[in-house]
Amino acid sequence: MLTGHHLIAGTWVAGDATFASSPAHGPAHAFAIGTPAHVAAACAAAEAAFPAFAATSRADRAAFLNRIADEIEARGAGITEIGTQETGLPAARLEGERGRTTGQLRLFAAHILKDGWLDLRHDAALPERQPLPRPDLKMIQRPIGPVAVFGASNFPLAFSVAGGDTASALAAGCPVVVKGHSAHPGTGEIVAQAIAAAIDACNMPKGVFSLIQGGNRAVGEALVQNHFIRAVGFTGSLAGGRALYDLCAARPDPIPFFGELGSVNPMFLLPAAVAARGAAIGKGWAGSLTMGAGQFCTNPGIAVVIDGPEADAFVAAAHEAVAQVGPQTMLTDGIAAAYRAGRDRVAAGQGVRAVLATMCDQRQATPYLFEVSGADWLANHALAEEVFGPLGLIVRVRHAAEMQEIAASLQGQLTCTLHLDDGDTDLARNLMPLLERKAGRVLANGFPTGVEVADAMVHGGPYPASTNFGATSVGTLSIRRWLRPVCYQNMPAALLPADWA
C-alpha cells in the first residue's frame, strides 16, 4: 500500500502539501511535496548514521545489499503494476529493469567481499635509510560520508531509488539521501519500502537511507548544499545538472558532483563496412534508435557516413525500418514536449533535409530521420545537441578527412561507435585517438543501447556526457566515487580500519 509520504530515517513523514502523480494510464495518487526542512532532517540523520555504518563489516554490508534485492523481488508484482502505469513502459521492460536493479545490488555485495576495491598499499618502514628514515605507511580507501542521489526519469528502477548510485554508495559504507523523481513516485516509494524492510532485518542504522518525494527546485538545491552531504550522484538534463554542479562548486566546502547530463552517441560508418552491409547497419540502427521511444542515455542519435550510393542504401534501409515503428508513450508530458522542441530545432537547421517526417502530439512519440551535409553540421553547433527521443540525424561527409573533422569537433560523449570491416582498419586507426578522447566507451560493430553492468564497464565521459570524466556510474568501478584514500603513518594496528587486516 502506498503512503504517499517521505521516508526519513525509518519514519514515513507526511508533508504540508501534496502533488498528484501523472500516470500514462491508471489512477493518479497523491504524494507529499518535499521541502528543505525534510532535506535537513534526512541529511542530519544520514550524518548521525555514518560512523556506525562506515564501521560495519563488509560481510554485513553485503548481506544488507542482498536483503534489499530480496525485498525488491518480493514486491515485484506491485512494482511492475504501478511502474507501467506511471511511465507507460511495458511490463517486460520493467521486469527486466528490476532484474538489472537487483543484479547491481548483488554484484556490489560480491564485489566488496574482495580486496581489490580497497586499493591497499603498504610501504614498510626503513629505519636505517639515510639521510632520513622512512616511516611505515599504509593506505586504504575509506567512505566519504553521506551521499545525495537524484532519481532519473528514464530508468525508474536501475537509475533511481535503489539504482546503481545508491547500491554503490551503500556498498562503500555511505548513507544515502535520495530525491525521488516526480515521474514515478509510487514506484520509488515501493522500492523505498523494500530498503526500509532490509534496514530493519539487518539491524542497520535508520538514517542510512531516506527518500524525499517531489518538491521544487529549492529541494534539490538544499540537498546539494547541505553541509552533511559529501558527494552527489545525478542523472538528468544538462541544464538541471549544470545548475546543481555549479552549486556544489560554489559551496564553502566544494564537493564532487557526479552528473550524467547528455550525449548524442555518434556512430561512424566506414566505407568497406557500408559497402558490404550498409542495409543491415541501417536496420540495426533503426532498432537501437527507436528502442523504448529513444529514451536511453546511450541512444545513437547521429550516424556519420561518406556520401555516395552505399550511403543511399544505408539511409533507405534505415528509413524502411524506422517507418514501421508506431507511436510510443513517452515517460512524461515534459519529456514529450522537449522531444517535439528538439525535432523543430533540428528541422530548422541550415541544410537539414527530412528523410522521414511523422506527426506526434501530447505524450506520444513517433520517430524522425533527418540528414545534413558534413559542412552544414560543422557550421551549426545546435545539431550536435542531444534530442531525447527516437530522432536520428544522418551526416553525409565528402571524404574520410571530413569524417575525422566531425570526430574532432565532438563534445564529450558516453559512447562512440565504429562500424568497420577489415578494409577500414587504416581509417579506424586514425579515428581511434580522436574517439578515445571524446567517449567513455568506444564500440566496434554494435549499437550502444544496453549498458552491461560489469567490472570493465565505463558509463561516463568528458563533459557534457558527465561532469567527472574519470568516473563511471555503471559497473563496479563506480564505487570509487564514494571513497577517498587515507594514509596511516606509523599507526598502531589497533587503530587501523578493520578492513586493513
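## A word on the sheet that holds strand β6 (residues 137-143)
Sheets are built from strands paired through backbone hydrogen bonds, the pairs being either parallel or antiparallel.
Working step 1: Taking strand neighbours across the sheet as the criterion, the 3 strands line up as β5-β6-β21 in an open arrangement whose pairing is antiparallel. Each edge of the sheet is formed by a strand with only one pairing partner; in this case those strands are β5 (121-123) and β21 (483-489). The average undirected angle you get between the axes of adjacent strands in this sheet is 25°.
Working step 2: Where β5 lies against β6, 3 bridges are found, and the strand directions are antiparallel. Across the sheet, residue H122 finds its bridge partner in β6, namely K138.

## Notes on the packing of aromatic side chains
Working step 1: For the structure shown, the criterion picks out 11 aromatic pairs.
Working step 2: Here the aromatic rings of F258 and W482 are separated by 5.6 Å at their centres, their planes lie at 85°, and the arrangement is edge-to-face. With F258 in strand β11 (residues 257-260) and W482 in the loop between β20 (439-444) and β21, this pair connects stretches of sequence that are 224 residues apart.
Working step 3: Judged by its relative accessible area of 11%, F258 is buried.
Working step 4: Exposure remark for W482: the relative accessible area of 0% places this residue in the buried category.
Working step 5: If you follow R93 out to its NZ or CZ, it ends over the ring of F155, 4.9 Å from the centre.
Working step 6: Just above the ring of F155 sits the side chain of R100; from NZ or CZ to the centre is 5.8 Å.

## Examining the sheet that holds strand β7 (residues 147-150)
Working step 1: In spatial order, the strands read β2-β1-β9-β8-β7-β10-β11; together these 7 strands make up an open sheet with mixed pairing. Sheet topology places β2 (11-13) and β11 at the edges, where each strand pairs with a single neighbour. Strand after strand, the sheet turns through a mean of 20° between neighbouring axes, direction not considered.
Working step 2: Two elements, β7 and strand β10 (residues 231-235), share 4 bridges in a ladder whose sense is parallel. The partner of A148 across the bridge, within β10, is V232.

## Here's the deal with the nonpolar core
Working step 1: Grouped together as the largest cluster of nonpolar side chains are 92 residues, with contacts concentrated most on F209, F268 and W377.
Working step 2: Per-element tally for this core: the top contributor is helix α6 (residues 185-202), with 8 residues.
Working step 3: Look past the residues within four positions of W377 in its chain and what remains in contact with it is I302, V372, L383, A384, L393, V395, I406, S409 and L410.

## What to know about the packing of helix α2 (residues 58-74) against α6
A packed helix pair is summarised by two numbers, namely the angle formed by the two axes and the spacing between the axes.
Working step 1: Two elements in contact, α2 and α6, have axes whose closest approach is 8 Å; the angle formed by their N-to-C orientations is 135°. As far as their axial angle goes, α6 and α2 are oblique. With respect to the hand of their crossing, α2 and α6 are arranged in right-handed fashion. When α2 is examined against α6, the residues A63, F64, R67, I68, E71 and I72 are found in contact with a partner set consisting of V191, A194, I195, A197, A198, I199, A201 and C202.

## Quick word on helix α11 (residues 333-347)
Working step 1: Taking 1.5 Å of rise per residue, the 15 residues of α11 would be expected to cover 21 Å, and the 21 Å separating its terminal C-alpha atoms lies within 8% of that figure.
Working step 2: Those residues of α11 lying buried are I335, A336, Y339, R340, G342, R343 and V346. Buried residues of α11, seen end-on, are gathered within an arc of 160° and therefore sit on one face of the element.
Working step 3: At its buried positions, α11 is contacted by β16 (364-365), β17 (368-373) and β18 (391-397).

Here is what the cut-offs are and how they apply
- Residues numbered from 1 in each chain as written.
- Predicted model: local features only at pLDDT ≥ 70, side-chain atom pairs only at ≥ 80, totals over all residues.
- Heavy atoms only, no water.
- Pairing = 2+ DSSP bridges.
- Helix = DSSP H or I, 4+ residues; strand = E, 2+ residues; numbered from the N terminus.
- Axes fitted to C-alpha atoms, helices over the stretch in contact; angles between N-to-C directions.
- Phe/Tyr/Trp six-rings, centres within 6.5 Å; stacked < 30°, edge-to-face > 60°.
- Buried < 20%, exposed > 50% of the residue type's maximum accessible area, 1.4 Å probe, protein only.
- Lys NZ or Arg CZ within 6 Å of the ring centre and 35° of its normal.
- Core = buried A, V, L, I, M, F, W, Y, C linked by side-chain atoms within 4.5 Å.
- Contact = heavy atoms within 4.5 Å.
- Parallel < 35°, antiparallel > 145°, perpendicular 65-115°, else oblique.
- Left-handed = near helix turned anticlockwise from the far one by under 90°.
- Expected span 1.5 Å × (residues − 1).
- Arc of directions from axis to C-beta.

These figures come from the coordinates and say nothing about function on their own.
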